[in-house]
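Listed below are the residues making up each chain.
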Amino acid sequence: MSGIWPGDTRCVAVLSFDMDGASAMIHRNPDVQRMPSTLSHGDFGPRVAVPRILELLREHDIAASFYVPGWVAERFPDTVAAVASAGHEVAPHGYMHEPPATLSRDEEAAILDRSSAILEGITGERPLGYRSPSWELSEHSLDLLMERGFVYDSSLMGDDAPYRVPAAGGGELVEIPVHWSLDDAPYFVFNPAVSRTNVPASPAQVYDTWSTAFDELYDRGRCYVLTVHPWIIGRAGRLTMLDRLIRHIREQPGVKFRRSIGLARDVQPDCAAPDKLTQT
Ligand SMILES: [Zn+2]
């Protein structure tokens, strides 16, 4: 048995929910704003799926991290307030899901400030974590986060445990790393309005992929960061699968579920090299 975590912690699991609603669809195809069917496809997430997800997390007594584009928060402020008041982290994810790599530094800064302010206006808490839309940081992103006192980013894929990333202007952020294989979008998205027409995978296949990944990360004593989208994972059959996955993870001794912000704060002093982590 090996791993990077101290004490009886064997593996840390982070459940993260990117509450994109229709924002990413609109960013990819602005005509979607005038397409009620496709809009409703996205709205299903905050409108119907998030309350079910909050119930699931409450049943399992798990605190999670929600990344919310500003436009979605303005459209569904009560949902965002419910997420925050249930003890989950709420952090920015663009305004209309703009990947930073497509923006100038000034545009990116303005969107970061605007989306952070919208979330703080609803939750009463200044967000200190960030996840970039489409996981495409720009060369300026880490600097902009650092200047604003953010603690962590969660957009990079350079490890499977928290690590430090230097900002060009000085200082370091904690990175809570992600990966496409632990994201529901590649498996389940069928959305003709943005030309995504692959046949969705079966929940059983995805359960197999996600639980197998967890088992290896658990054996290696690393960090399991799952990224799902309410408008995708909330559809019938998939939340049942997520519930089954959470049960599987919880059955293993020494697993701790953490919000990204709590994990990032705890590892911040020691995560220069993940193998030297001394705190959870
Ligand atoms: Zn997103």
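The numbering scheme is per chain: residues are counted from 1 as the chain's sequence reads. In keeping with the model being predicted, local features are shown solely for residues with a pLDDT of at least 70 and side-chain atom pairs are shown and tallied solely at 80 or more, while totals for entire chains, interfaces and linings include all residues. Side-chain numbers come from the whole structure's heavy atoms, not from hydrogens or water.

Novice: Go over the overall build of the protein chain with me, naming the residues and quoting the values.
Specialist: Think of it this way: any DSSP run of H or I at least four residues long counts as a helix, any run of E at least two long counts as a strand, and we number them from the N terminus. Looking only at helices and strands, the protein chain has 11 helices and nine strands in total. The C-alpha atoms of the protein chain give 18 Å as radius of gyration, which agrees with the globular expectation for 280 residues (19 Å, within 12%). If one aligns the C-alpha atoms of the protein chain with their principal axes, the spans along those axes are about 55 × 45 × 35 Å. Using the Shrake-Rupley algorithm and a 1.4 Å probe, accessible areas are obtained, with residue cover drawn only from the displayed protein chains. Carbon together with sulfur atoms contributes 48% to the accessible area of the protein chain, which is approximately 11700 Å² in total. Distance from the positive charge centre (26 side chains) to the negative charge centre (38 side chains) of the protein chain: 4 Å. The reference for a compact globule is 2.2 Å times residues^0.38; the radius of gyration itself is calculated from the C-alpha atoms. Residues scored as charged are limited to Lys and Arg (positive) and Asp and Glu (negative), so that His and the chain ends carry no count. For this purpose, a charge sits on NZ of Lys, CZ of Arg, CG of Asp or CD of Glu.

Novice: Break down the coordination of the zinc ion for me, with residues and values.
Specialist: Coordinating N, O and S atoms are those within 2.8 Å of the metal (3.2 Å for Na, K and Ca), and as water is not part of the atoms, a site may appear to have fewer donors than expected. Of the protein atoms, only D20 (OD), D20 (OD), H93 (NE2) and H97 (NE2) coordinate the zinc ion, at distances of 2.0 to 2.6 Å. What the four donor atoms of the zinc ion show is an angle range of 53 to 135° at the metal, which sorts the shape as irregular. Coordination of the zinc ion draws on donor residues from a single chain, spaced D-x72-H-x3-H in sequence. Throughout this description, buried means an accessible area under 20% of the type-specific maximum (1.4 Å probe, protein chains only), exposed means over 50%, and partly exposed covers the range between. Judged by relative accessible area, which is 1%, H93 ranks as buried. Labels for metal geometry use angle windows, namely 85 to 135 degrees for all angles of a four-donor tetrahedral site, and for square planar (four donors) or octahedral (six donors) sites opposite donors over 155 degrees apart plus all others within 65 to 115; sites meeting none of these are irregular.

Novice: Got a sec to walk through unusual backbone geometry? Specific residues and values, please.
Specialist: Non-glycine residue H97 carries a positive phi angle of around 60°. Along the polypeptide, H97 turns up in the loop between β3 (89–92) and α5 (105–123).

Novice: Tell me what's going on with the packing of helix α8 (residues 203–220) against helix α10 (residues 238–251), and back it up with residues and numbers.
Specialist: Note on method: axes are straight lines fitted to C-alpha atoms, helices fitted across the in-contact stretch only, with angles between N-to-C directions ranging 0 to 180 degrees. With their axes 10 Å apart at the nearest point, α8 and α10 run at an angle of 25° to one another. By the angle between their axes, α8 is roughly parallel relative to α10. You can see that α8 and α10 cross each other, and the crossing is right-handed. On α10, the residues touching P203, V206, Y207, W210, S211, F214 and D215 of α8 are R238, M241, R244, L245, H248 and I249. An angle counts as roughly parallel when it lies under 35 degrees, as roughly antiparallel when it exceeds 145, as roughly perpendicular when it falls between 65 and 115, and as oblique in every other case. In this scheme the handedness of a crossing depends on how the near helix is turned from the far one: anticlockwise by less than a right angle means left-handed, clockwise means right-handed. In what follows, residue pairs with any heavy atoms lying within 4.5 Å of each other are defined as contacts.

Novice: I'd like a rundown of the confidence of the model for the protein chain, residues and numbers included.
Specialist: Residues of the protein chain with pLDDT of at least 70 account for 95%, and the chain-wide mean is 94. For every residue, the predictor reports its confidence as pLDDT, a number between 0 and 100. Across residues 272–280 the pLDDT falls below 50, and counting only partners more than four positions away or on other chains, this stretch makes 29 contacts in the model.

Novice: Before we move on, can you summarise the side chain of E175 with the specific residues and values?
Specialist: Structurally, the position occupied by E175 is in strand β7 (residues 172–175). Here the side chain of E175 touches S155 through a polar contact of 2.9 Å, landing on its backbone nitrogen. Look past the residues within four positions of E175 in its chain and what remains in contact with it is D153, S154, S155, L156, P162, Y163 and V165. Whenever a nitrogen or oxygen atom comes within 3.5 Å of another N or O atom, the pair is scored as a polar contact, on the condition that within protein one atom can donate a hydrogen and the other can accept it, and that pairs from neighbouring residues in sequence are kept only if both atoms are in side chains.

Novice: I'd love a proper account of the layout of surface pockets, names of residues and values included.
Specialist: A volume near 280 Å³ is recorded for the largest pocket. Every element with two or more residues in the lining of the largest pocket is listed here: α1 (23–28), α7 (185–188) and α9 (230–233). Here the element with the most residues in the lining of the largest pocket is α1; it accounts for three residues. Residue classes follow a fixed rule: Ala, Val, Leu, Ile, Met, Phe, Trp, Tyr, Cys and Pro count as nonpolar, while Asp, Glu, Lys and Arg count as charged, and any other residue, Gly among them, counts as polar. For the lining of the largest pocket, a count of residues per class yields 10 nonpolar, six polar and five charged. By volume, the second largest pocket is sized at about 250 Å³. Grid points spaced at 1 Å and placed over the protein atoms alone form the basis of the search, with a cavity being a set where a 1.4 Å probe fits but cannot get out and a pocket an open set showing protein on both sides within 12 Å along at least five of seven lines. Lining residues have an atom within 4 Å of a point. Residue lining of the second largest pocket: 16 residues in total, with E89, V90, E125, R126 and R259 positioned closest to the centre. Of all the secondary-structure elements, those providing two or more residues to the lining of the second largest pocket are β3 and α11 (260–267). Looking at the lining of the second largest pocket, its residues break down into six nonpolar, five polar and five charged. Grid points are joined across faces, edges and corners, and a volume is the space filled by probe spheres set on the points.

Novice: Can you explain the packing of aromatic side chains? Please cite residues and give values.
Specialist: Working definition: a ring pair exists when centres of Phe, Tyr or Trp rings (six-membered ring for Trp) sit within 6.5 Å. Plane angles under 30 degrees give stacked, over 60 give edge-to-face, the rest tilted. Across all of its chains, the model carries five aromatic pairs by this definition. Look at F214 and Y224: their rings are 5.4 Å apart centre to centre, the planes differ by 90°, and that puts the pair in the edge-to-face class. Separated by 10 residues along the polypeptide, F214 in helix α8 and Y224 in strand β8 (residues 223–228) bring together distant segments of the chain. Judged by its relative accessible area of 0%, Y224 falls in the buried class. Among the aromatic residues, those joined into a cluster by ring pairs are F214, Y218 and Y224. Here, a charge over a ring is recorded when the distance from Lys NZ or Arg CZ to the ring centre is within 6 Å and its angle to the ring normal is within 35 degrees. Taking the ring centre of Y218 as reference, the NZ or CZ of R10 above it sits at 4.6 Å. Here the basic side chain of R244 rests over the ring of Y207, its NZ or CZ set 3.7 Å away from the ring centre.

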